[in-house]
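An overview of the molecular structure
Residues per chain, in single letters:
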Amino acid sequence: MGMKRVIVTGGAGLIGSNIVRLLNEQGISDILIVDHLGKTNKWKNLRGLQYSDYSEKEEFLEKIQTTDILKEYSHIFHLGACSSTTETDASYLIRNNYEYTKILAEESLRRKIQFLYASSAATYGDGQFGYDDKAPIHSLKPLNMYGYSKQMFDLYALKKGFLDKITGVKYFNIFGFGEAHKGDMRSVVLKGYEQISSEGKLKLFKSYRPDYKDGEQKRDFLYVKDAAKISLYLLENRKFGLYNVGRGQAETWKSLASALFKAMGKPENIEYMEMPESLKAKYQYYTKAETQKLISSGFKEGFTDLETAIADYVDLIRKEEE
């Protein structure tokens, strides 16, 4: 069944707005965007997008429980959530990331709507059990409440048998145009662009483990355009279960910094700073998505390399500044 009428929760966010843009490029504009704009500049991500309607998330939640608003929709990308890894209000995370997803997933299944939701690579914790999307969910130990709120729904979906009928995606380190509103949760690429522009240098955290030198902590960095492309592929092709959405390649923060300085045409100047005590016990030194499941499912479009992605992103930032 082709996509006809689509709902994108978190549709004004980083990944959501890029999914809407990709849908538009495929000729799909009958889209309901759901989000919470609040007092941020997230609304700017909606400019230039084609969509049929917009709803604030609380109003949307009420409507799906009291009306037939979902009746005519064929596909739902559920990306709306609190994505702050430092959020300490556990009750808020339960309501926003767990309960909300339960309601929407159950209603989607009842109405036979194709449903994709955002889990998170944060569910893997410090990686002691690896980053394999085929690993038993119960074995994972998230390092923060955000990651656990995502794991809670993964466990619920598994227990209820939903994972044979819906798609969960574990996004790794996503960066790209559309994240300016995220405050402290913006990627190091955008923060670094601003630091280099104003100070001529980029600040990175020092390492506190002898097996990692400063700047050699590693992440699986993925460009948001690829994240959107993979998400659309999985939902459109009815690929059910949990999937990692990453490049399957771990690269150092120094590599990211080098690519950023190059894209900006600036000499490298990295300053290593102390990590806040509150983060030391929760810091991931290495992440790399196992992507065999994704590739084996038939995804053949490949990934954008880090240097090319950062150069493209910097170009988009500069165009926005003009």
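Structural data are supplied above this passage.
Note that residues are indexed from 1 along each chain, following the sequence as it is written. Given that the model is predicted, a residue must reach a pLDDT of at least 70 before its local features are reported, and side-chain atom pairs must reach 80 or more before they are shown or counted; all residues, however, enter totals for whole chains, interfaces and linings. Note: side-chain values were computed over all heavy atoms of the structure, leaving out hydrogens and water.

Nonpolar cores were defined as sets of buried Ala, Val, Leu, Ile, Met, Phe, Trp, Tyr and Cys residues, with membership established by side-chain atoms within 4.5 Å. Throughout this description, buried means an accessible area under 20% of the type-specific maximum (1.4 Å probe, protein chains only), exposed means over 50%, and partly exposed covers the range between. The biggest cluster of nonpolar side chains holds 36 residues, and the ones touching the most others in it are Leu23, Phe77, Leu79 and Tyr171. Each helix is a run of DSSP H or I of at least 4 residues and each strand a run of E of at least 2, with the numbering of both proceeding from the N terminus. Looking at this core element by element, the count peaks at 8 residues for helix 6 (residues 224–236). With 26 residues, the next largest nonpolar core counts Leu204, Leu256, Leu306 and Ile317 among its residues.

Let us now look at the pattern of salt bridges. A carboxyl oxygen of Asp or Glu within 4 Å of a side-chain nitrogen of Lys or Arg is what we treat as a salt bridge. Tallied over the full model, the rule gives 20 salt bridges. Where Glu290 meets Lys288, a salt bridge forms, and the shortest distance between an N and an O atom there is 3.7 Å. Accessibility expressed as a relative area gives 34% for Glu290, which makes it partly exposed. Residue Lys288 is classed as partly exposed on the basis of its relative accessible area of 24%. Shared partners join several salt bridges into a network, and the residues in it are Asp68, Glu107, Arg110 and Arg111.

Turning to the packing of aromatic side chains, a few remarks are in order. Centre distance within 6.5 Å is the pairing criterion for rings of Phe, Tyr and Trp, where only the six-membered ring of Trp is used; planes under 30 degrees apart are then read as stacked, over 60 as edge-to-face, and the remainder as tilted. If you walk through the whole model with that rule in mind, you get 16 aromatic pairs. Relative to Phe162, the ring of Tyr156 lies with its centre 6.0 Å away and its plane at 80°, an arrangement referred to as edge-to-face. Comparing Tyr156 with Phe162, the two get one shared label, buried. Plain terms: the ring middles of Phe175 and Tyr223 are 5.5 Å apart, the flat faces sit at 35° to each other, and that makes the pair tilted.

The next subject is unusual backbone geometry. The backbone phi angle of Lys112 is positive, close to 60°, even though this residue is not glycine. Looking at the secondary structure, you find Lys112 in the loop between helix 3 (90–110) and strand 5 (114–118).

Strands are labelled as partners when DSSP assigns at least two bridges between them. One open sheet holds the 7 strands; their spatial order is 3-2-1-4-5-6-11, and the pairing between them is parallel. Strands with a single pairing partner mark the edges of an open sheet, and in this sheet they are strand 3 (53–56) and strand 11 (241–245). Each adjacent strand pair in this sheet contributes to an overall mean axis angle of 15°, direction not counted. Pairing of strand 1 (residues 6–9) with strand 2 (residues 31–35), which is carried by 4 bridges, proceeds in the parallel orientation. In the sheet register, Thr9 faces strand 2, and the bridge partner there is Val34. To get an axis, fit a line to the C-alpha atoms, keeping to the stretch in contact for a helix; angles then go from 0 to 180 degrees between the N-to-C directions.

Mapped onto the secondary structure, Asp312 falls in helix 10 (residues 306–321). The spacing of Asp312 and Phe177 is 135 residues in sequence and 9.4 Å in space, taken between C-alpha atoms. A contact between two residues is defined here by any heavy atoms of the two lying within 4.5 Å. Leaving out residues up to four positions away in the same chain, Asp312 has contacts with Tyr223 and Lys225. Polar contact is defined as a pair of N or O atoms within 3.5 Å, subject to the rule that within protein one atom must be able to donate a hydrogen and the other to accept it, and that residues adjacent in sequence are counted only when both atoms are side-chain atoms. Among the polar contacts made by the side chain of Asp312, one reaches the side chain of Tyr223 at a distance of 2.5 Å.

On to the packing of helix 5 (residues 188–199) against helix 10. Interaxial distance between helix 5 and helix 10 falls to 11 Å at its minimum, and their mutual angle equals 55°. Taken together, helix 5 and helix 10 sit at an angle that is classed as oblique. Handedness of the helix 5/helix 10 crossing: right-handed. Contacts between helix 5 and helix 10 pair Val189, Leu190 and Tyr193 from the former with Ile310, Tyr313, Val314, Ile317, Arg318 and Glu321 from the latter. Of the residues that constitute the contact of helix 5 with helix 10, the class distribution is 7 nonpolar, no polar and 2 charged. When describing relative orientation, an angle under 35 degrees is termed roughly parallel and one over 145 degrees roughly antiparallel, while 65 to 115 degrees is termed roughly perpendicular and anything else oblique. Note on convention: near helix rotated counterclockwise from far helix by under a right angle means a left-handed crossing. Clockwise means right-handed. Polarity classes work like this: nonpolar for Ala, Val, Leu, Ile, Met, Phe, Trp, Tyr, Cys and Pro, charged for Asp, Glu, Lys and Arg, and polar for all others, with Gly in that last group.

With that settled, consider helix 2 (residues 57–66). Of all the positions in helix 2, only Lys57, Phe60, Leu61 and Ile64 are classed as buried. The buried residues of helix 2 occupy an angular sector of 100° when the element is viewed end-on, so they sit on one face. Facing away from the buried side of helix 2 by more than 90 degrees, the exposed set consists of Glu58, Glu62 and Thr66. Those residues of helix 2 that are buried lie in contact with strand 1, strand 2, strand 3 and helix 3. In this description, the arc belongs to the directions extending from the helix axis to the C-beta atoms.

Here the focus is the side chain of Ser119. Mapped onto the elements of the fold, Ser119 is located in the loop between strand 5 and helix 4 (145–160). Since its relative accessible area comes to 2%, Ser119 is described here as buried. A distance of 2.7 Å separates a polar atom in the side chain of Ser119 from a polar atom in the side chain of Asp154. Beyond its immediate chain neighbours, meaning those up to four positions away, Ser119 contacts Tyr146, Lys150, Asp154, Val169, Lys170 and Leu242.

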